[in-house]
Amino acid sequence: MTAPQMQRSVPEILEDIASNLTQIVQAEFRLAKTELKEGAEKVAGPGAALGAGVVLAFYGLGFLLLAAVHALSLAMASWLATLIVGGVLMVVAGILISAGGMKMKRVNLTPDKTIETLEEDVQWAKQQIK
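Starting afresh in each chain, residues are numbered from 1 along the sequence in its written order. The model is predicted, so local features are restricted to residues of pLDDT at least 70 and side-chain atom pairs to those at 80 or more, both for listing and for counting; the totals for chains, interfaces and linings are taken over all residues. Only hydrogens and water are removed before side-chain values are computed, so all heavy atoms of the structure are retained for them.

Attention shifts here to the overall build of the protein chain. A run of H or I in DSSP counts as a helix once it spans at least four residues, and a run of E counts as a strand once it spans at least two, with each numbered from the N terminus. Along the backbone of the protein chain there are 3 helices and 0 strands. Going from N to C terminus, the protein chain has its helices and strands arranged as α-α-α. Partly exposed residues are those whose accessible area sits between 20% and 50% of the maximum for their type, while under 20% is buried and over 50% is exposed, using a 1.4 Å probe and protein chains only. Considering the protein chain as a whole, with its 130 residues, one finds that 15% of them fall into the buried category. In this analysis, two residues are considered to be in contact whenever any of their non-hydrogen atoms come within 4.5 Å of each other. Intrachain contacts of the protein chain at a sequence separation of at least 6 include 78% that bridge at least 24 residues.

Let us look at the environment of I115. Positionally, I115 belongs in helix α3 (residues 112-129). A relative accessible area of 38% means that I115 is categorised as partly exposed. Residues I115 and E28, spaced 87 residues apart in sequence, show a C-alpha to C-alpha distance of 9.0 Å.

A separate point is the environment of V43. Turning to its location among the elements, V43 is positioned in helix α1 (residues 10-73). Taking the relative accessible area as the measure of exposure, V43 reaches 21% and is therefore partly exposed. Put simply, V43 and V107 are 64 residues apart on the chain and 6.9 Å apart in space, counted from C-alpha to C-alpha. Beyond its immediate sequence surroundings of up to four residues, V43 is in contact with M104, V107 and L109.

For the rest of this paragraph, the subject is the confidence of the model for the protein chain. Per residue, pLDDT captures the predictor's confidence, and it can take any value from 0 to 100. Across the protein chain, pLDDT averages 77, with 85% of residues at or above 70. Highest mean pLDDT in the protein chain belongs to helix α2 (residues 76-106) (80); lowest belongs to α3 (77).

Moving on, we get to a negative patch on the surface. The patch calculation keeps residues exceeding 30% relative accessible area without a salt bridge and links them within 9 Å when they carry like charges or within 5 Å when they are nonpolar (Val, Leu, Ile, Met, Phe, Trp, Tyr). Here the accessible surface of atoms and residues is derived via Shrake-Rupley with a 1.4 Å probe, and residues count as covered only by protein chains that are part of the display. Salt bridge, as applied in this entry: a Lys or Arg side-chain nitrogen positioned within 4 Å of an Asp or Glu carboxyl oxygen. Only four residue types enter the charge count, namely Lys and Arg as positive and Asp and Glu as negative; His and the chain termini do not. The location of each charge is read from NZ of Lys, CZ of Arg, CG of Asp or CD of Glu. Taken together, D112, E116, E119 and E120 make up a surface patch of like negative charges. Inspection of the secondary structure puts E119 in helix α3.

Below, the structure written as structure tokens:
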């Protein structure tokens, strides 16, 4: 024996589809929010190194400028010491900026899971409409 089939009306079917689509869209927003949060967490470390490198570069530039002033007005030992400090800071800044920049390039901020599930949802919705 076959079980009796329940016949649903078109408005009931459309209501179910609308309800399911609402739930899917809400889930997609939650997924996108989670992926973006994870991406931001990945960028925090390299961003801090990059920022620290930029700050040190400004300090290094300040020391190099101070060294030029000392070179013109003071004895050799004083400006040479300032030049050495500024040069070391510039080297450290260059290393930090380079390392932070390379790490930033490796971070993928594209919400891949969200895009994939959205494509699946579109396919599901097309099948439901047929």
